[in-house]
Amino acid sequence: MPETTGRPAAGRVWSTPAQLVLGLAGAVLVVGTGLFLAAVFLHVAPANSVSRQYRDEVDGLVYPEFEQNWKLFAPNPLQQNVSLDARVRTAVDDGTTRTRDWTGLTAQDLAAIRGNPAPSHVDQNLLRRAWDFYDGSHNPQDEALTNPRGKLAEQYLKRIALQRIGREVDGERILEIEFRVTAATVPPPSWSGEAAPPAPRVRELPWWPVGDEDYRGLG
Amino acid sequence: MSEVSPETSVQASVEVSAEASAEVSPEVSQPVGPGRLEGIPRQVGQSADLDPDPGVGVGVGPWPGPAPRRPGSAESVARAMAAFTGRALGRHQAAVVRIGFGLVWLAYLLREWPNRRVLYGDRSPWSMDLAERLLSDNGAFTVLPWFGGRPWFELVYHLAVLAAVAVVLGWRTRASTVLFLVTVLSLQNRNVFLGDGGDNVVHLMAVYLVFTRCAEVWSLDARRARSGRGGVVLWAVLGAVLAACQFGGFAGDSLTWTARAFPYVGWAPLFWGLWVVAGLWWTLGRLRPDGEPRAVLDALANMVHNCAMLVIAVEVVLIYATAGWYKVQGSRWQDGTALYYPLHLDYFTPWPGLSALVGSALLPVFLISYGTVIVQVAFPFTLLNRRVKNVLLAVMTAEHLGIALLLGLPVFSLAMIAADAVFLPTGALLWLAARLRRIRRPRVPVA
């Protein structure tokens, strides 16, 4: 790091080429900075006529490295506790299968977060955001893909659960896995006078087959 | 990175709010207590003439404040140009932002050290195969797929730790901020489904810091009178490494010169450009330290720094303004119960009893909910008044500390505090530095 004075080069008289370089660079920088900030502004602002007009330019500048979302708890905070459980079907020696009990994946996360002043991303974000990813790419009615990336979300979710559950249960190999998602609306505060929320909604995903390749790298 | 792609960004509102809950922010803040300003020293009302660096923190932005008397327009243009080219504005703020983000990321990396392989490494459920399919889509920069295995990952992770330490200390900052950028982006883009608002801020600042002269004060670089031979060796080594990555055939599409989409620029021009400029800088400093070319480079560096500081400042403003203005539209913020809900989200209540207590009464919940929106919406405008701005900074810092504790989001909160530092008054920073020095001095044994 070079030492600098931090003061204007007092009284320096620039030569013409220097003036040209500085003037040109200054103009480019000011315009470039302005355009960049405008793009970021249009990216975070509500969709509007200008951002629609320049959508390609704005997206080109912002994605992938300057993407940002600052709708922090806005327009409304999340009012739902989503919890995921998984259960597996294992192969019994006599050729039949056995369906195992539900494992509380979210419950494991919460147990790790409780009383922890610095929760890990492993507990606070990994499963939670994987579900957001899945939920955002699937139709809640029939679990059909709404986005080609949904396939990745399925793989991801499956591998998160399998990493926690393991390859076998009581010595029996896992053949299939199923997820159950319970969304419970936070009851309104006592003083609000609002009606109690409806009972938690339970959503069951289809059984997914489990193979050795699903465990690659899970350790 | 909070969102991953255009697709995820435009998902249903539940998705957005789920994200939002991760990113929280000032909302859950503490109310403005009477003694709240104790931490802020007297500098608040002091005039800029005591201030050796009337930059970002003191005035409105990284631009010099208004001149004391009204000069002619030609004169003020000349002054503005002189300030723009002549010095790095907000040097102390830049240093604090550098130290702050270095510390945040360092703390994060050390905290997650036991989990690193599951988060970003060879044991991630987001397997390299899945990651590469997404990366081929969105083109985000990461070096981790170059060599998939564990040794390479461990090398990158521990380089990230070293880069964060170097950034905190301000050691060879021109190089270490670039390494910081490379490692932050590499890890975060390896799995974009892990981050929250805190990661997002670190990600952005890692890019912006590269363009600032953030080691002019409070750094090892500032202590070292001359750059010496070590710098040249480092420069040569980094050049060789960059060349190996560029021409080694393993970097895939990450080090291209051009890009398919607007603005058509790849990463190679940035890295090589920085490398060439560093070499030019050293050479001119050797050959003609007082010559004009070197002075031109210095002025160019100042201009780039000043633009980057403006970007950082505007980024912080955008964060608060976005958070605030979108809340205005929310029914829960309007009815004054918004604060209650995050305090009852399982993932963000490490201390459920405490959260329930804070969210238990009508009036505090209402006041904090409304206060949060008011503060966030007002923040950009308070920059017009130094005193009000400083009060708000103190309030928001307190808010962030409250969030860190209550919602279990220390990384996010500390990152936001580090970002806010761009607006801290220079007087306060110097005062704090003097205090720290005084604390340290008595421990030094008297010779």
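Here goes a summary of the coordinates provided.

### Considering the pairing of strand 1 (residues 80-91) of chain A
All names here are of chain A.
- Here strand 1 pairs with strand 5 (residues 172-185) via eleven bridges, running antiparallel. By the bridge assignment for strand 5, asparagine 81 is matched with alanine 184.
- As paired strands, strand 1 and strand 3 (residues 103-104) are joined by two bridges and run antiparallel to one another. Bridge pairing in strand 3 places aspartate 85 opposite glycine 104.
- Here strand 1 folds back onto strand 2 (residues 97-99) in antiparallel fashion, the turn holding five residues, of which glycine 95 has a positive phi close to 95°.

### Digging into the packing of helix 4 (residues 91-111) of chain B against helix 18 (residues 410-420) of chain B
Residue and element names in this part refer to chain B.
- Between helix 4 and helix 18, whose axes approach to 8 Å, the crossing angle comes to 170°. Taken together, the axes of helix 4 and helix 18 are roughly antiparallel relative to one another. Contacts between helix 4 and helix 18 pair Val97, Gly100, Phe101, Val104 and Tyr108 from the former with Val411, Leu414, Ala415, Ala418 and Ala419 from the latter.
- Grouping the amino acids of the contact of helix 4 with helix 18 by side-chain chemistry returns nine nonpolar, one polar and no charged.

### Regarding helix 5 (residues 121-136) of chain A
- Counting buried residues in helix 5 of chain A gives 15 out of 16 residues, a clear majority hidden from the surface.
- The N-cap of helix 5 of chain A, judged by a side-chain oxygen 2.9 Å from the amide nitrogen of valine 122 of chain A a few residues on, is serine 120 of chain A.

### Quick word on helix 11 (residues 228-247) of chain B
Residues and elements named next belong to chain B.
- Helix length check: helix 11, at 20 residues, gives a terminal C-alpha distance of 30 Å against a target of 28 Å (1.5 Å per residue), a fit within 8%.
- Considered for burial, the residues of helix 11 that qualify are Gly231, Gly239, Leu242, Cys245 and Gln246. Summarising the axial view, the buried residues of helix 11 lie within an arc of 130°, below the 170-degree limit, and thus occupy one face. Looking at helix 11, the residues exposed on the side facing more than 90 degrees away from the buried face are Arg229 and Phe247.

### Description of a nonpolar patch on the surface
- Nonpolar side chains collect at one region of the surface, where Leu362, Leu363, Phe366, Leu367, Tyr370 and Ile374 of chain B lie side by side and expose about 560 Å² of accessible area between them.
- The residue isoleucine 374 of chain B is located in helix 16 (residues 362-382) in this model.

### Examining the pattern of salt bridges
- All chains considered together, the criterion is met by 25 salt bridges over all chains.
- Between arginine 116 of chain B and glutamate 154 of chain B there is a salt bridge, with its nearest N and O atoms 2.8 Å apart. One end of the pair, arginine 116 of chain B, is in helix 5 (residues 116-119); the other, glutamate 154 of chain B, is in helix 7 (residues 150-169), with 38 residues separating them in the sequence.
- Assessed through its relative accessible area of 8%, arginine 116 of chain B is described here as buried.
- Glutamate 154 of chain B gets classed as buried once you look at its relative accessible area, which sits at 12%.
- Residues arginine 117 of chain B and aspartate 122 of chain B are paired through a salt bridge, measuring 2.7 Å at the closest nitrogen-oxygen approach.
- For aspartate 122 of chain B, a relative accessible area of 25% corresponds to the partly exposed category.
- Counted as one network, the salt bridges with shared partners bring together Arg98, Arg100, Asp170 and Glu172 of chain A.

### Digging into the interface of chain B and chain A
- The interface is formed by 131 residues belonging to chain B together with 91 residues belonging to chain A.
- Of the roughly 9,800 Å² buried between chain B and chain A, counting both surfaces, carbon and sulfur atoms make up 61%.
- Our enumeration of links across chain B and chain A arrives at three salt bridges.
- Note that aspartate 137 of chain B is salt-bridged to arginine 149 of chain A, the shortest N-O span being 3.0 Å.
- Scanning the region where chain B abuts chain A turns up 36 residue pairs in polar contact (both at pLDDT 80 or more).
- Here the element with the most residues in the side of chain B that touches chain A is helix 13 (residues 292-328) of chain B; it accounts for 20 residues.
- Grouping the amino acids of the side of chain B that touches chain A by side-chain chemistry returns 70 nonpolar, 31 polar and 30 charged.

Thresholds applied
Residues numbered from 1 in each chain as written. Chains lettered and ligands numbered in written order. Predicted model: local features only at pLDDT ≥ 70, side-chain atom pairs only at ≥ 80, totals over all residues. Heavy atoms only, no water. Pairing = 2+ DSSP bridges. Helix = DSSP H or I, 4+ residues; strand = E, 2+ residues; numbered from the N terminus. Axes fitted to C-alpha atoms, helices over the stretch in contact; angles between N-to-C directions. Parallel < 35°, antiparallel > 145°, perpendicular 65-115°, else oblique. Contact = heavy atoms within 4.5 Å. Nonpolar A, V, L, I, M, F, W, Y, C, P; charged D, E, K, R; others polar. Buried < 20%, exposed > 50% of the residue type's maximum accessible area, 1.4 Å probe, protein only. Polar contact = N/O pair within 3.5 Å; in protein donor to acceptor, adjacent residues only side chain to side chain. Expected span 1.5 Å × (residues − 1). Arc of directions from axis to C-beta. Patch = residues over 30% accessible without salt bridge, like charges linked within 9 Å, V, L, I, M, F, W, Y side chains within 5 Å. Areas by Shrake-Rupley, 256 points an atom, 1.4 Å probe, with all protein chains shown as cover. Salt bridge = Lys/Arg side-chain N within 4 Å of Asp/Glu carboxyl O. Buried area = accessible area lost by both parts, 1.4 Å probe.

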